Amino acid sequence: MTDHALLLVNLGSPASTEVADVRRYLNQFLMDPYVIDLPWPLRRLLVSLILIKRPAASAHAYASIWWDDGSPLVVISRRLQEAMKAHWTQGPVELAMRYGEPSIESTLQRLAAQGIREVTLAPLYPQFADSTTTTVIEEVKRVVRERGLKMRLSTLPPFYDQPEYLDALVASAKPYLEQEFDHLLLSFHGLPERHLHKLDPSGHCLKGDDCCRSASPAVLANCYRAQCLRSAELFAQRMGLRPEQWSVSFQSRLGRAKWIEPYTETRLDELAAQGVKKLLVMCPAFVADCIETLEEIGDRGRDQFVEAGGESLQLVPCLNDHPDWAAALKVLCERAPLMI
């Protein structure tokens with residue numbers, strides 16, 4: 001074993017389903033300026049208002065999908081960590097969460113204490129967004145700078161269009177798509193539209209229905225919506241799906257701001273009204289099943305679709321610790337460019 005570690009980073013989870021733990025987690029998450037990009041006083045006021053009622057509701061949602069051994073997101077991420085140990089032979093494989101535990105700071109300090117001098121950082125987000133990729137990278141930079149850690153860092157870039165990722169996605173989803181179904185909905189996590197505009201000085205984003213399709217490489221590099229649509233198109237091509245067999249939507253809206261469309265809630269009702277009976281839903285913005293997939297889609301989304309006239313909604317599991325995903329991630333991480 002050498003001194004080159006692999007650090008997997010996912011979003012995180014409350015420590016338990018107790019309201020106090022959920023409130024603590026939500027406060028850390030929502031106070032991140034890359035998540036709610038408002039000036040601190042406004043952000044603090046807004047988050048304080050959210051934390052009046054939301055922790056209790058979220059705690060109930062977490063409890064409905066919590067596993068005996070903990071948060072599904074954390075448990076699955078640890079399974080992936082174990083799977084990666086067979087692939088990453090250059091050093092230890094560690095796992096950190098951007099919010100909650102194990103923290104990025106404690107994990108990097110532990111690696112430094114072990115004499116690790118080179119780290120490949122792997123934010124486990126296929127598509128780029130400030131609220132996912134950037135906040136992980138900036139937190140790592142902060143810890144390295146403030147703790148005086150002597151480390152060389154390479155970072156896995158967004159891999160939304162990489163063949164290894166897409167092939168693993170096909171391998172994991174294929175058994176579900178080989179069953180009888182009427183339609184496949186690819187539901188990605190949403191973002192406020194202002195997040196896209198902020199990263200687009202050219203003013204191209206959201207100026208027309210086909211703006212993502214005509215995006216330049218410079219715009220595409222920072223456009224979450226365009227990257228999601230590209231992932232969906234490439235996946236559908238690999239699966240041999242006809243255009244009418246699939247569609248894209250965006251879920252998990254929060255607050256009153258305008259978020260990118262179409263909304264998953266709206267699409268579920270539309271598909272049922274169009275006569276779709278057997279619906280499959282994939283969530284390719286997530287590599288591990290979590291509250292947004294298991295509860296928001298697998299429970300509430302299913303109930304909504306059936307109530308609107310559909311017969312069944314089956315959630316296609318995320319990549320999780322699928323062997324093809326672990327093998328693909330190893331290849332992607334080996335190509336990660338040097339950051340600092």
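Residues numbered from 1 in each chain as written. Predicted model: local features only at pLDDT ≥ 70, side-chain atom pairs only at ≥ 80, totals over all residues. Heavy atoms only, no water.

(A) Representation of the overall build of the chain in the model. Within the chain, the secondary structure is distributed over 13 helices and eight strands. Seen through its principal axes, the chain has C-alpha atoms that stretch 60 × 50 × 45 Å. Evaluated residue by residue, the chain yields a buried proportion of 55% over its 340 residues. Of the contacts formed within the chain by residues at least 6 apart in sequence, a portion of 76% connects residues at least 24 apart. Of the roughly 15200 Å² of accessible surface on the chain, 52% is carried by carbon and sulfur atoms. (Helix = DSSP H or I, 4+ residues; strand = E, 2+ residues; numbered from the N terminus. Buried < 20%, exposed > 50% of the residue type's maximum accessible area, 1.4 Å probe, protein only. Contact = heavy atoms within 4.5 Å. Areas by Shrake-Rupley, 256 points an atom, 1.4 Å probe, with all protein chains shown as cover.)

(B) Just the UniProt feature "binding site: Fe(2+)" (unreviewed entry) in the chain, in detail. Here, UniProt's "binding site: Fe(2+)" (unreviewed entry) annotation points to H189 and E292. A compact arrangement is adopted by the annotated residues: their sequence extent is 104 residues, whereas the largest C-alpha distance between any two is 8.2 Å. With near-sequence residues (within four places) excluded, H189 lies in contact with Y224, F250, Q251, S252, W259, A285, F286 and E292. By relative accessible area, E292 is classed as buried at 16%. Look past the residues within four positions of E292 in its chain and what remains in contact with it is H189, Q251, S252, F286 and I297. (UniProt positions renumbered as here; feature names shortened; annotations may be inferred.)

(C) Representation of helix α13 (residues 323-334). The terminal C-alpha atoms of α13 lie 17 Å apart, and with 12 residues this matches the ideal 16 Å at 1.5 Å per residue to within 8%. Within the span of α13, buried status applies to W325, A326, A328, L329, L332 and C333. Within α13, the buried residues cover an arc of 165° as seen down the axis, which keeps them to one side. Packed against the buried residues of α13 are β1 (4-12), α3 (72-85), β3 (118-123) and α6 (163-177). (Expected span 1.5 Å × (residues − 1). Arc of directions from axis to C-beta.)

(D) Summary view of the packing of α6 against α13. Running from N to C, α6 and α13 cross one another at 175°; their axes reach a closest spacing of 9 Å. For the element pair α6 / α13, the angle class is roughly antiparallel. Across the interface between the two elements, E164, Y165, A168 and A171 from α6 touch D324, W325, A328, V331 and L332 from α13. Considered class by class, the residues forming the contact of α6 with α13 number seven nonpolar, no polar and two charged. (Axes fitted to C-alpha atoms, helices over the stretch in contact; angles between N-to-C directions. Parallel < 35°, antiparallel > 145°, perpendicular 65-115°, else oblique. Nonpolar A, V, L, I, M, F, W, Y, C, P; charged D, E, K, R; others polar.)

(E) Up close: the sheet that holds strand β4 (residues 152-155). Sheet architecture is open: four strands sit in the order β2-β1-β3-β4, paired in parallel fashion. Each edge of the sheet is formed by a strand with only one pairing partner; in this case those strands are β2 (93-99) and β4. Taking the axes of each pair of neighbouring strands and ignoring which way they run, one obtains an average angle of 30° across the sheet. Across the sheet, helix α1 (residues 19-30) touches β1 and β2, and the angle it forms with β2 is around 85°. Packed onto the sheet, helix α5 (residues 130-147) meets β1, β2, β3 and β4 and runs at close to 110° relative to β2. (Pairing = 2+ DSSP bridges.)

(F) Geometry of the environment of A86. As for its position among the elements, A86 is in the loop between α3 and β2. Separated by 202 residues in sequence, A86 and A288 have C-alpha atoms that sit 19 Å apart.

(G) Looking closely at the state of the cysteines. What the rule picks out here adds up to zero disulfides. You can see C205 has no disulfide; the closest cysteine sulfur is in C223, sitting 3.9 Å from it. Taking the relative accessible area as the measure of exposure, C205 reaches 4% and is therefore buried. C290 takes part in no disulfide bond, and the closest cysteine sulfur, belonging to C318, lies 6.2 Å away. (Disulfide = S-S within 2.5 Å.)

(H) Expanded view of the domain arrangement of the chain. Once the domains are mapped, the chain shows domain 1 (4-159 + 322-335) and domain 2 (163-315). The C-alpha centroid of domain 2 is placed 23 Å from the C-alpha centroid of domain 1. Across the boundary between the two partners, domain 1 contributes 31 residues, which contact 28 residues of domain 2. The junction of domain 1 with domain 2 conceals about 2500 Å² of combined surface from both sides, 66% of it contributed by carbon and sulfur atoms. Considering only the surface of domain 1 that becomes buried against domain 2, D37, Q127 and F128 emerge as the three largest contributors, covering 25% of it. Our count for the contact surface shared by domain 1 and domain 2 stands at three salt bridges. Taking the shortest distance from any N to any O, the salt bridge between D37 and K198 comes out at 3.2 Å. Where domain 1 touches domain 2, the interface holds six residue pairs in polar contact (both at pLDDT 80 or more). Those elements that provide at least two residues to the side of domain 1 that touches domain 2 are α2 (40-65), α3, α5 and α13. Sort the elements by how many residues they give to the side of domain 1 that touches domain 2 and α2 lands first, with six residues. Counted by class, the side of domain 1 that touches domain 2 contains 19 nonpolar, seven polar and five charged residues. (Domains from an automatic or database assignment. Buried area = accessible area lost by both parts, 1.4 Å probe. Salt bridge = Lys/Arg side-chain N within 4 Å of Asp/Glu carboxyl O. Polar contact = N/O pair within 3.5 Å; in protein donor to acceptor, adjacent residues only side chain to side chain.)

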